[in-house]
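# Breakdown of the fold
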Amino acid sequence: MSSSSIHRPPILTKAPGEELFRVFVESVRDYALLILDPNGFITTWNRGAEAIKGWQAEEVLGKHFSIFYPPESIAAELPGRELLGAENEGRYEDESWRMRKDGTRFWANVVITALRDHDGVLIGFAKVTRDLTDRRRHEETLRHSEARFRALIEGVRDYAIFMLDPAGRITTWNFGAQQIMGYGASEILGEHLSQFYPRDGRQRELAENELRTATTEGRFEDEGWRVRRDGSRFWASVILTAIRDTSGALLGFSKITRELTERREHERTQRESEERARLLVENVIDYAIITVDGEGFINSWNMGAERITGFSSPEIIGRH
């Protein structure tokens, strides 16, 4: 077979990789990507840097990268420390304030990476900056909201509101809990939920059942006796709620306790008073005392009514 009949693949020219990479870097808009020389002077400038910082390339090329730092960072020698950190460790990362051309500040995530040649000689730095102002603003708003909520919870006096870890140990303690239970925060943090149950030998079992129910059903609600620091009992309404993260993992529990001793005593007194009144009415024999509903049907019948009319209670209840 002659050499002329052999099929030869076409000769491929070398792909312009460096040019493609340059175009890619220059086109990125969400990140400021730039190269610094070994002394920190800017040698490249992409569209992302222009969009984030506000300078055109011709305004910054050849200038020191410290022009992006606020006065307090310059005074603290932060730019130099960043370059030194990248040179020594290979990489330096930071989040702090930076300056735009118009003087406004933005919260930046900055990564500086040392660039070295094949012999290990430092030839410059790659610097990647991202504007995280919106994220920081959101986090600040969230922190302030959490701080206000925490202050609200801690200041509540009529409810004991506290958190438990997944094992049932107390991790937070508000003022209401101190008022109702009698424990200071330093005395109770780290203690188990069973601390508040009557000392009848079943306190651990009862507390574990409460935790187990909240874990499986999401919530446990109950009214019963609980114990203060001084050993006295009080009637409590309790709600225990399981707290989970976005993946469903159990983080712990929130517990709200309200003292209802006075209400329970009032209800008991009222029941006893109603019972005494009922017994009094039922045992009157000189008067027929009856009650009827809105349509005139009899729903109570005392002994006097039975003596006077001759009808027994079973015979007359429910009749008109």
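From a predicted model like this one, the values you see are computed outputs, not experimental measurements.

### Quick word on the pattern of salt bridges
Side-chain pairs of opposite charge can arise whenever the charged atoms involved come near each other. Taken as a whole and assessed by the stated rule, the structure comprises 18 salt bridges. A salt bridge links Arg98 to Glu82; the shortest N-O distance between them is 2.8 Å. With a gap of 16 residues between them, Arg98 in strand β2 (residues 91-99) and Glu82 in helix α5 (residues 78-89) connect regions that are remote in the sequence. With a shortest N-O distance of 2.9 Å, Arg100 and Asp131 are connected by a salt bridge. Highlighted residues: Arg100 in the loop between β2 and β3 (105-116) and Asp131 in strand β4 (residues 122-131), separated in sequence by 31 residues. Among the residues examined, Asp131 registers a relative accessible area of 28% and is labelled partly exposed. Via salt bridges that share partners, Glu210, Asp222, Arg226 and Lys255 belong to a single interconnected network.

### Here's the deal with the sheet that holds strand β8 (residues 250-259)
Taking strand neighbours across the sheet as the criterion, the four strands line up as β5-β8-β7-β6 in an open arrangement whose pairing is antiparallel. The strands lining the two open edges of the sheet, one partner per strand, are β5 (160-164) and β6 (219-227). Taken pair by pair, the neighbouring strands of this sheet meet at an average axis angle of 25°, ignoring direction. Judged from the nine bridges that link them, strand β7 (residues 233-244) and β8 form a sheet pairing that is antiparallel. Each residue of the ladder has a partner; that of Ala236, found in β8, is Glu259. Along the sheet face, helix α9 (residues 203-217) touches β5, β6, β7 and β8 and points at about 165° away from the line of β6.

### Overview of α9
The first and last C-alpha atoms of α9 sit 21 Å apart over 15 residues, in line with the 21 Å expected at 1.5 Å per residue. Those residues of α9 that are buried are in contact with β5, β6, β7 and β8.

### Quick word on the side chain of Lys255
Its place among the elements puts Lys255 in strand β8. A residue is classified by how much of its surface remains accessible, and Lys255, at 1% relative accessible area, is buried. At 3.3 Å, the side chain of Lys255 forms a polar contact with the side chain of Thr257. With residues near it in sequence (within four places) discarded, Lys255 still touches Ala160, Ile161, Phe162, Leu164, Leu193, Glu210, Val238, Ile239 and Leu240.

### Some details on the environment of Arg307
Topologically, Arg307 is positioned in helix α11 (residues 303-309). Each C-alpha atom of the pair Arg307 and Asp286 lies 8.3 Å from the other, and the pair is 21 residues apart in sequence.

### A few points about the environment of Ile317
Its place among the elements puts Ile317 in the segment after α12 (313-316). We classify Ile317 as partly exposed; its relative accessible area is 39%. For the pair Ile317 and Ser300, spaced 17 residues apart in sequence, the C-alpha to C-alpha distance is 6.5 Å.

### Thoughts on the pairing of β5
Of all five residues that make up β5, four are buried, and the element is covered over most of its length. Direction of pairing for β5 relative to β8: antiparallel, over a ladder of five bridges. Its bridge partner lying in β8, Ala160 is registered against Thr257.

### Overview of the pairing of β7
One ladder, built from nine bridges, connects β6 with β7; its direction is antiparallel. Paired with Phe220 across the strands is Leu240, a residue of β7. Counted along the chain from β6 to the antiparallel partner β7, the turn is five residues long, and its residue Gly231 has a positive phi close to 90°. As consecutive antiparallel partners, β7 and β8 are separated by five residues, and within that stretch Gly248 has a phi angle of approximately 95°, a positive value.

### A look at the sheet that holds β4
Read across the sheet, four strands follow the order β1-β4-β3-β2 without closing on themselves; strand pairing throughout is antiparallel. The sheet is open, and its two borders are formed by β1 (32-36) and β2, each paired with just one other strand. Direction aside, the axes of adjacent strands within the sheet are offset by 25° on average. Where β2 meets β3, nine bridges bridge the pair, whose relative direction is antiparallel. Looking at the pairing, Arg98 lines up with Phe106 of β3. In the packing of α5 onto the sheet, the strands contacted are β1, β2, β3 and β4, and the crossing angle to β2 comes to about 165°.

What counts and what doesn't
- Residues numbered from 1 in each chain as written.
- Predicted model: local features only at pLDDT ≥ 70, side-chain atom pairs only at ≥ 80, totals over all residues.
- Heavy atoms only, no water.
- Salt bridge = Lys/Arg side-chain N within 4 Å of Asp/Glu carboxyl O.
- Helix = DSSP H or I, 4+ residues; strand = E, 2+ residues; numbered from the N terminus.
- Buried < 20%, exposed > 50% of the residue type's maximum accessible area, 1.4 Å probe, protein only.
- Pairing = 2+ DSSP bridges.
- Axes fitted to C-alpha atoms, helices over the stretch in contact; angles between N-to-C directions.
- Contact = heavy atoms within 4.5 Å.
- Expected span 1.5 Å × (residues − 1).
- Polar contact = N/O pair within 3.5 Å; in protein donor to acceptor, adjacent residues only side chain to side chain.

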